[in-house]
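# Structural characterization, general
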Amino acid sequence: MTPLDGDRLRAQCSGIIREVRVVEETTSTNDAVAQLGIEGLALFAERQTAGRGRLGRRWESAAGEGLWFSLLLRPELELRDWTRLTTWAAVAVAEGIEAAVPCRAEIKWPNDIQIGGRKVAGILIETHARGEETSAVLGIGVNANQAGFSPPLDATATSLRLVTGSEIDRQTLAAAILRRLEARWADVARDFPALLAAASGRSCLFGKNVRARCGDDFSEGIAEGLDAGGGLRVRLADGGTATWRGGEVTLATGV
Ligand code: BTN
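The structure displayed is predicted, hence computed values, not measured ones.

## What about the packing of aromatic side chains?
By the definition in use, this model includes two aromatic pairs. Note on F44 and F69: the rings are 4.4 Å apart at their centroids and 15° apart in plane angle, and the pair reads as stacked. Residue F44 is located in strand β2 (residues 41-48), and its partner F69 is located in strand β3 (residues 66-73); the two are separated by 25 residues in the primary sequence. Exposure remark for F69: the relative accessible area of 2% places this residue in the buried category. With a centroid separation of 4.7 Å and an interplanar angle of 70°, the aromatic rings of W88 and W185 are classed as edge-to-face. Of the two residues, W88 is situated in helix α3 (residues 84-100) and W185 in helix α5 (residues 170-190); the sequence distance between them amounts to 97 residues. In this arrangement the basic side chain of R211 is found over the ring face of F218, its NZ or CZ atom lying 4.6 Å from the centre.

## Some points on α3
Across its 17 residues, α3 extends 25 Å between first and last C-alpha, which sits within 8% of the 24 Å expected from 1.5 Å per residue. Extensive coverage of α3 is indicated by the burial of 13 of its 17 residues.

## Looking at the state of the cysteines
Scanning the model with the defined rule gives zero disulfides in all. For the unlinked cysteine C103, the closest cysteine sulfur is that of C204, found at 14 Å.

## Considerations on the packing of α5 against helix α6 (residues 192-201)
Following both chains from N to C, one finds α5 and α6 inclined at 120°, their axes separated by 6 Å at the closest point. Taken together, the axis directions place α5 and α6 in an arrangement best described as oblique. Along the contact surface, α5 presents R184, D187, V188 and R190, while α6 presents F192, A194, L195 and A198. When the residues that make up the contact of α5 with α6 are grouped by side-chain class, the tally is five nonpolar, no polar and three charged.

The rules behind each value
- Each chain carries its own residue numbering, running from 1 in the written order of its sequence.
- With pLDDT at 70 or above as the cut-off, local features in this predicted model cover only qualifying residues; side-chain atom pairs require 80 or more to be listed or tallied, and sums for whole chains, interfaces and linings still use all residues.
- Remark: hydrogens and water are excluded; side-chain values derive from all non-hydrogen atoms of the structure.
- Any two rings among Phe, Tyr and Trp, with Trp reduced to its six-membered ring, count as a pair given centres within 6.5 Å; such a pair is stacked if its planes are under 30 degrees apart, edge-to-face if over 60, and tilted if neither.
- Going along the chain from the N terminus, every DSSP run of H or I of four or more residues is numbered as a helix, and every run of E of two or more is numbered as a strand.
- Each residue's exposure class comes from its accessible area (1.4 Å probe, protein chains only) as a fraction of the maximum for that residue type: buried when under 20%, exposed when over 50%, partly exposed otherwise.
- Look at NZ for Lys and CZ for Arg. If either is within 6 Å of the ring centre and within 35 degrees of the ring normal, a charge sits over the ring.
- To estimate how far a helix should reach, multiply one less than its number of residues by 1.5 Å.
- Note on terminology: pairs of cysteine sulfur atoms within 2.5 Å are recorded as disulfides.
- Helix axes are fitted to C-alpha atoms over the stretch in contact, other axes to C-alpha atoms as well, and angles between N-to-C directions run from 0 to 180 degrees.
- For classification, angles of less than 35 degrees are called roughly parallel, those exceeding 145 degrees roughly antiparallel, those between 65 and 115 degrees roughly perpendicular, and all remaining angles oblique.
- Every residue pair with non-hydrogen atoms within 4.5 Å of one another is taken to be in contact.
- Basically, the charged four are Asp, Glu, Lys and Arg, the nonpolar ten are Ala, Val, Leu, Ile, Met, Phe, Trp, Tyr, Cys and Pro, and anything else, Gly included, counts as polar.

Written out as structure tokens, the structure reads:
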């Protein structure tokens, strides 16, 4: 395994990413970055001992098998617009993966990246308030070089190596994703419709029967599109519409 080179990654950044560090091991890069509190710091760990996904799930983060990193931001946006960060990150990660690896990366709203119906990357955004200051920690996990997954992950996950049949150069992949995060950043504040269009063009849910869990209840319908804030517009069985703002969405067929 070739270790990531933080200086080379930093040299390719010229915008919101001001510093890049690579550590051998940490619990979770989201926690490490939140603790450091340095705006614009992207921290990569070769291995996480307590990587986590959404809804408190464990995130497998073995040494050298993927990209496990977090970026701390203090966006100059109304707090109500911080949900845009999810759309931005999903588009940038999908575009970065495609720039580095021959594949078609789709977005499973709100923040999974899939290839051929299997999850290859996930995004976890957490906000922190310290006094007056609020920051967002964007955590990204990309499965790059796993040769396989154990149950139950083997039913839904994939890696870029499994998709392409070749070893993935993680340095090139990391650089491509950081570049797309920076390239798409201006759109968050100035042209969010452009991000919505890009996310819509990559959606694997539109036109499909989807199901969301709301506490103990389930809601079901046909995914129609994204609303102006990035929520998922769904046509319900009774003919009405609903806009889902987050949560766990699955295809109603159980995928
Ligand atoms: C998900 O799909 O549930 C989100 C997965 C996010 C995983 C990344 S890996 C880097 C960062 N540190 C963590 O502990 N989680 C995120």
